[in-house]
Amino acid sequence: MSNLDREAVPSVCGGRGFVVAEPVRELLSPRRVKLGESTEVRRLLPNLGRRMVGAWAFVDHYGPDDIADEPGMQVPPHPHMGLQTVSWLHEGEVLHRDSTGSLQTIRPRELGLMTSGRAISHSEESPKTHARYLHGAQLWVALPDTHRHVEPHFQHHADLPTVTAPGLTATVILGSLDGATSPGSTYTPIVGADLTLTAGADVRVPLNPDFEYAVLAMSGESHVDDVPVLPGSMLYLGCGRTELPVRAGSDTGLMLLGGEPFEEELVMWWNFIGRSQDDITQAREDWMTGSRFGEVKGYDGDRLDAPELPSVPLKARGRVR
């Protein structure tokens, strides 16, 4: 799942000028975006109030959707560069194909991690025979300049480490949490964790004070640092925290996202992350001419064309609000 907007708007992000260096409680509301024919997502990043959280640069939350009589997710082949995609499901399945030859069905609480590096293309679809409900999140991680041209590759990890406490199971998706480390490849100091809480749980999640954090509410009723967070919304928490209090009023699913504030200035347009107008222009041309990004084999349908570039110049800047 990716950015399928036909009038893609550039996002300027990165840099530490607007990092909140102390704990805050900034509630972010989503923007609803149509993805393909039958899936609507709630886009939390980039947001008018916040562009990045650590290296996390893009967050979509979708479902739970009843797709019993629907095709479900249908995202044709499209390109990426300069980033990693993280596929994370609570319900349903997604069939991933990419131009390196990967073919993998991703199921709930399994990590699908695609590192685009210099260039990759992929498709995502619900299998023809699929579960009734589809519910999950799609996230991007920006690659630092030293690694943004690595060879593209895909990783699938069905068994991930967990951290437990009374009423809490935390699955470590990327990076480390409380001594548990994900096998997924990372290129900056980062953490992503899925928090499952039972009704009535009252816990404190250990944090790194040098990281900035946000919590995405997937399901249930919860208070994060005494702020009620409804499903499909995200609470930005800033830096300087050593722990995070979370209370669950019902069985609850949350995603904890964090990392060292991303220092580099970026340009993000459509499905590309670059450093300049030239980076983006060349990537679009390479996709449209059929070079560099490879071919996704086995997908039943046409690939996506890139939208037109905006008329205004694309310029890398720091974090803006």
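Residues numbered from 1 in each chain as written. Predicted model: local features only at pLDDT ≥ 70, side-chain atom pairs only at ≥ 80, totals over all residues. Heavy atoms only, no water.

Participant: I keep staring at the UniProt feature "domain: Pirin C-terminal" (unreviewed entry) in the protein chain and nothing clicks. Help me out?
Facilitator: Following the UniProt record, one finds the feature "domain: Pirin C-terminal" (unreviewed entry) at residues 193-292. As a span, residues 193-292 carries 12% helix and 51% strand, and end to end its C-alpha atoms are 33 Å apart. (UniProt positions renumbered as here; feature names shortened; annotations may be inferred. Helix = DSSP H or I, 4+ residues; strand = E, 2+ residues; numbered from the N terminus.)

Participant: Please explain the pattern of salt bridges as it appears in this structure.
Facilitator: Opposite charge on two side chains allows them to pair when their charged atoms are near. Summed over all chains, the structure comprises 16 salt bridges. Taking the shortest distance from any N to any O, the salt bridge between Arg-25 and Asp-225 comes out at 3.0 Å. Separated by 200 residues along the polypeptide, Arg-25 in strand E2 (residues 23-28) and Asp-225 in the loop between strand E20 (222-224) and strand E21 (227-229) bring together distant segments of the chain. Judged by its relative accessible area of 52%, Arg-25 is exposed. Between Asp-145 and Arg-148 there is a salt bridge, with the nearest N and O atoms lying 2.7 Å from each other. Among the residues examined, Arg-148 registers a relative accessible area of 12% and is labelled buried. The network of salt bridges with shared partners includes Arg-25, Asp-225 and Arg-241. (Salt bridge = Lys/Arg side-chain N within 4 Å of Asp/Glu carboxyl O. Buried < 20%, exposed > 50% of the residue type's maximum accessible area, 1.4 Å probe, protein only.)

Participant: Explain the sheet that holds strand E23 (residues 243-248) here, please?
Facilitator: The strands that make up a sheet are held in pairs by hydrogen bonds between backbone atoms, and each pair lies either parallel or antiparallel. Taken together, four strands build an open sheet; the order of strands is E18-E23-E20-E21 and the sheet is antiparallel. Looking at the sheet topology across the chains shown, the edges are occupied by strand E18 (202-206) and E21. When the angles between neighbouring strand axes are averaged without regard to direction, this sheet yields 30 degrees. When E18 meets E23, the two strands line up antiparallel, connected through five bridges. In the strand pairing of E23, Val-205 is matched with Leu-244. (Pairing = 2+ DSSP bridges. Axes fitted to C-alpha atoms, helices over the stretch in contact; angles between N-to-C directions.)

Participant: Quick question: what am I supposed to make of the side chain of Thr-188 here?
Facilitator: Structurally, the position occupied by Thr-188 is in the loop between strand E16 (180-181) and strand E17 (190-197). For Thr-188, a relative accessible area of 18% puts it in the buried group. Ignoring any residue separated from it by four or fewer positions in sequence, one finds Thr-188 in contact with Ala-55, Pro-144 and Phe-262. (Contact = heavy atoms within 4.5 Å.)

Participant: Would you explain the pairing of strand E7 (residues 83-91) in this entry?
Facilitator: Two faces, one strand: in a regular strand the side chains alternate between the faces of the sheet. Buried residues dominate E7, accounting for eight of its nine residues. Taken together, the eight bridges between E7 and strand E12 (residues 133-142) define a ladder with antiparallel strand orientation. By the bridge assignment for E12, Ser-87 is matched with Gln-138. Where E7 meets strand E10 (residues 111-115), four bridges bridge the pair, whose relative direction is antiparallel. Note that in E10 the partner of Gln-84 across the bridge is Thr-115.

Participant: What's the story with helix H1 (residues 277-288) in this structure? I'm lost.
Facilitator: Along an α-helix, residues three or four positions apart point the same way, because every turn accommodates 3.6 residues. The end-to-end C-alpha separation of H1 is 17 Å, in line with the 16 Å expected for 12 residues at 1.5 Å each. Among all positions in H1, only Ile-280, Ala-283, Arg-284, Asp-286 and Trp-287 are buried. Projection of H1 onto a plane perpendicular to its axis shows the buried side chains occupying an angular sector of 165 degrees, all on one side. Buried residues in H1 make contact with strand E6 (74-80), strand E11 (120-125), strand E25 (265-269) and strand E26 (272-274). (Expected span 1.5 Å × (residues − 1). Arc of directions from axis to C-beta.)

Participant: What is the right way to look at the packing of aromatic side chains in this model?
Facilitator: To describe a pair of aromatic rings, you give the distance between the ring centres and the angle between the ring planes. Under the criterion given, the structure shown has seven aromatic pairs. With 5.7 Å between their ring centres and 85 degrees between their planes, Trp-270 and Phe-272 make a pair best called edge-to-face. This pair shows no difference in class: Trp-270 is buried, exactly as Phe-272 is. In textbook terms, an aromatic cluster arises when at least three aromatic residues are bridged by ring pairs, as seen for Trp-269, Trp-270, Phe-272, Trp-287 and Phe-293. Across from the ring centre of Trp-287, 3.8 Å away, lies the NZ or CZ of Arg-303, which sits over that ring. (Phe/Tyr/Trp six-rings, centres within 6.5 Å; stacked < 30°, edge-to-face > 60°. Lys NZ or Arg CZ within 6 Å of the ring centre and 35° of its normal.)

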